[in-house]
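Given next are the chains, with one letter for each unit.
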Amino acid sequence: MHEGTIVALATPRGQSALAVIRMSGPEAISVADRVLSGVDLAASESHRLHVGSVRDADGAALDQVVAGIFRAPQSATGEDVVEITCHGGDVAATLVMSRLVEAGARQAGPGEFTRRAFMNGKMDLAQAEAIADLIHARSERAHRVSVAHLYGRYSELIRSFREDMLDLVSLIELEMDFTDEDVEFADRRRLDALLERGLSLLGELEASYRYGRTLSDGIRVAIAGRPNAGKSTLLNALVGADRAIVSAEAGTTRDSIEAESLVDGHRIVWVDTAGVRASGSAIEAEGVERARRVAVGADVVLYVVDAKAGMLDVERQWLAGVDAAAYVMLYNKRDLMPREWTPPQGSLAVSATSAVSEAGAAERGGLQPVLHAVLEAGGATGATTDEHRTVTSARHAAHIRAAHEALRRAANAFRSGVSQDALSMDLRAVLDELGMITGEITNEDVLARIFSRFCIGK
Ligand SMILES: Nc1nc2c(ncn2[C@@H]2O[C@H](COP(=O)(O)OP(=O)(O)OP(=O)(O)O)[C@@H](O)[C@H]2O)c(=O)[nH]1
Ligand SMILES: [Mg+2]
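Scoring rules and cut-offs
- Residues numbered from 1 in each chain as written.
- Chains lettered and ligands numbered in written order.
- Predicted model: local features only at pLDDT ≥ 70, side-chain atom pairs only at ≥ 80, totals over all residues.
- Heavy atoms only, no water.
- Helix = DSSP H or I, 4+ residues; strand = E, 2+ residues; numbered from the N terminus.
- Rg over C-alpha atoms; globule rule 2.2 N^0.38 Å.
- Buried < 20%, exposed > 50% of the residue type's maximum accessible area, 1.4 Å probe, protein only.
- Contact = heavy atoms within 4.5 Å.
- Expected span 1.5 Å × (residues − 1).
- Polar contact = N/O pair within 3.5 Å; in protein donor to acceptor, adjacent residues only side chain to side chain.
- Donors = N, O, S within 2.8 Å, 3.2 Å for Na, K, Ca; no water.
- Axes fitted to C-alpha atoms, helices over the stretch in contact; angles between N-to-C directions.
- Left-handed = near helix turned anticlockwise from the far one by under 90°.
- Pairing = 2+ DSSP bridges.
- Domains from an automatic or database assignment.
- Buried area = accessible area lost by both parts, 1.4 Å probe.
- Salt bridge = Lys/Arg side-chain N within 4 Å of Asp/Glu carboxyl O.
- Parallel < 35°, antiparallel > 145°, perpendicular 65-115°, else oblique.
- Nonpolar A, V, L, I, M, F, W, Y, C, P; charged D, E, K, R; others polar.

Asks: Quick one: what's the story with the overall build of the protein chain, residue by residue and with numbers?
Replies: Regarding its fold elements, the protein chain presents 16 helices and 13 strands. For 458 residues, the compact-globule estimate of 2.2 N^0.38 gives 23 Å, and the protein chain exceeds it by more than 25% at 29 Å. On the principal axes, the C-alpha backbone points of the protein chain span a range of 85 × 80 × 40 Å. Looking at the 458 residues of the protein chain, the share that counts as buried comes to 49%. Within the protein chain, contacts between residues at least 6 apart in sequence are counted, and of these 65% link residues at least 24 apart.

Asks: Any details on helix α14 (residues 394-415)? Residues and values, ideally.
Replies: Over its 22 residues, α14 extends 31 Å from the first C-alpha to the last, a length consistent with the 32 Å expected when each residue adds 1.5 Å. One side-chain oxygen at the N-terminal end of α14 lies 3.2 Å from the backbone nitrogen of R395; it belongs to S393. Note on α14: the residue one or two positions beyond its end, G417, has a positive phi of about 70°.

Asks: Describe the coordination of the magnesium ion (ligand 2), with residues and values.
Replies: Every protein donor of the magnesium ion (ligand 2) is listed here as S232 (OG) and T253 (OG1), and their distances to the metal cover 2.0 to 2.1 Å. Residue S232 is located in helix α8 (residues 231-239), and its partner T253 is located in the loop between α8 and β9 (257-263); the two are separated by 21 residues in the primary sequence. Among the residues examined, S232 registers a relative accessible area of 8% and is labelled buried.

Asks: How would you summarise the packing of helix α6 (residues 153-176) against helix α7 (residues 188-217) if you had to cite specific residues and measurements?
Replies: One can describe the packing of α6 onto α7 by two numbers: an axis separation of 11 Å at closest approach and a directional angle of 145°. Classified by chirality, the crossing of α7 by α6 is left-handed. For the pair α6 and α7, the contacting residues are Y154, L157, I158, F161, D164, M165, D167, L168, I172 and E175 in the first and R188, R190, L191, L194, L195, R197, G198, L201 and L205 in the second.

Asks: Lay out the sheet that holds strand β8 (residues 219-225) with the relevant residues and their values.
Replies: Read from one edge of the open sheet, 6 strands run β9-β10-β8-β11-β12-β13, paired in mixed fashion. Edge positions in the sheet fall to β9 and β13 (348-349), since each has one partner strand and no second. Relative to strand β11 (residues 300-306), β8 runs parallel, the two being bridged by 5 bridges. Counted as the bridge partner of I223 is L302 from β11.

Asks: Account for the domain arrangement of the protein chain, with residues named and values stated.
Replies: Per the domain assignment, the segments of the protein chain are domain 1 (6-124), domain 2 (139-214 + 389-440) and domain 3 (216-377). One C-alpha centre belongs to domain 2, the other to domain 3, and the line joining them spans 43 Å. Counting from both sides, the interface comprises 9 residues of domain 2 and, opposite them, 12 residues of domain 3. Contact with domain 3 buries surface across domain 2, with R141, R213 and T214 losing the most and accounting together for 62% of the total. Counting the contacts that link domain 2 with domain 3 gives 2 salt bridges. In this structure, the salt-bridge partner of R141 is D264, at a minimum N-O distance of 3.4 Å.

Asks: Before we move on, can you summarise the environment of S146 with the specific residues and values?
Replies: In this fold, S146 is placed in helix α5 (residues 140-150). For S146, a relative accessible area of 2% corresponds to the buried category. Expressed as a C-alpha distance, the spacing of S146 and T390, which sit 244 residues apart in the sequence, is 9.7 Å. Leaving out residues up to four positions away in the same chain, S146 has contacts with A130, D133 and L134. In terms of polar contacts, S146 uses its side chain to reach the backbone carbonyl oxygen of H143, at 2.9 Å.

Asks: Could you give an account of the sheet that holds strand β2 (residues 18-24), with specific residues and numbers?
Replies: With respect to topology, 7 strands assemble into an open sheet ordered β3-β4-β5-β6-β2-β1-β7, the strand pairing being mixed. At either end of the open sheet lies a strand with only one pairing partner, and these are β3 (36-37) and β7 (106-107). Lying over the sheet, helix α2 (residues 92-102) contacts β1 (6-9), β2, β4 (48-55), β5 (61-70), β6 (81-87) and β7, oriented at roughly 145° with respect to β6.

Asks: Describe the packing of helix α4 (residues 125-136) against helix α16 (residues 444-452), naming the residues involved and giving the relevant values.
Replies: Where α4 meets α16, the axes come as close as 10 Å, and the angle between the chain directions of the two elements is 25°. With respect to each other, α4 and α16 are oriented roughly parallel. Side by side, α4 and α16 meet where L125, A128 and E129 of the first sit next to L447, I450 and F451 of the second. Of the residues that constitute the contact of α4 with α16, the class distribution is 5 nonpolar, no polar and 1 charged.

So this is what it looks like as structure tokens:
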């Protein structure tokens, strides 16, 4: 399944000046030569570009192309690679592709090129995943972290710690073979220092995921509150577009409405919801239930209170029922309140209607404090700026957590002087978890899941 010569379109379909087709595998060069005229790749040195024509079975020209040759192992996948740059649009690339398939290549599956690169030791698993993250990055910050991971310092951090630990575990296990003699090969002071270093490294990486997750997933913010509190007005002001219907009638929004914006390089998904109310028609009740579900699933609940009406009991109950990860309490309609009024401690006040107009935004201090509070509640601020030490993937975070736990057990075991067996078992667990991040240890299921996230052609 993972063999043969694969081919895929590496650029999006549709009209464009050029399209790139990549081919990798033992037959890549001969397949290309079968289809191209005016070029003899078999006789070419590696890392050369050649201009030629792709011909159909009858010898008629289909397109004029540039073919690049990268011989194994000096190529992206570690195999022979040919990259054909043809003209864009829907037809040319498809015709060239089908010619290459006729000549013996097979259409690649998602991520198959990167998978080969991983298998051939061109990159480790964390770097391969960084490529998918890079392609999927939707904010500059997310992009920066994936590039940092792609260059391998994150992997290096994990790998070098794992290797030091592997040395020590081997020594401890050696001692176990000499139980009668009571010898110590592993230097206890070095082990102690390594445990300390590991605990601090894994602690830091584990904590970084709170921030890292906001980069990969964005921050999901549920805008909730009583009917007419001004939720939809606020959504429109926050994203600077007229997304949701606003009206003086209570119960205007019934379904959840999503809109995205980038705030300080962070992707925020705002979800406007139906107003929280005790009774109503079946449709309204469904709207309230949907609002609850959105709030439960959100990273932050931005709870909008009508400043004039104040916070009601039904709202307190609703909030208690949601038990969200983080809240921002916002008193809206500040303009209807006396000048000297201030919102309850820990909450903010705005006038969503004035924030819509730029003049109003300046006058009221705008929504800046709200945006800041949301970023903070969502875990996007106060993070380490070191991109190499930021975990952004749920898969890695799970392994880091498990490794950290096993290392804590090992440290306790070591300090209370338990047997070498128990110590070595916990340290082995740490090694396994870390090895799964960088791919020293892996299995087909894990690889299949990771590479299915990729696009075809990558
Ligand atoms: N004076 C004043 N009116 C506001 C403010 N924000 C919203 N409104 C008005 O309040 C009314 C309700 O606004 P919406 O944004 O539709 O309120 P909502 O919370 O989405 O209401 P539902 O969808 O019914 O739950 C509209 O007439 C808005 O113009 C504000 O800051 N000050
Ligand atoms: Mg609304």
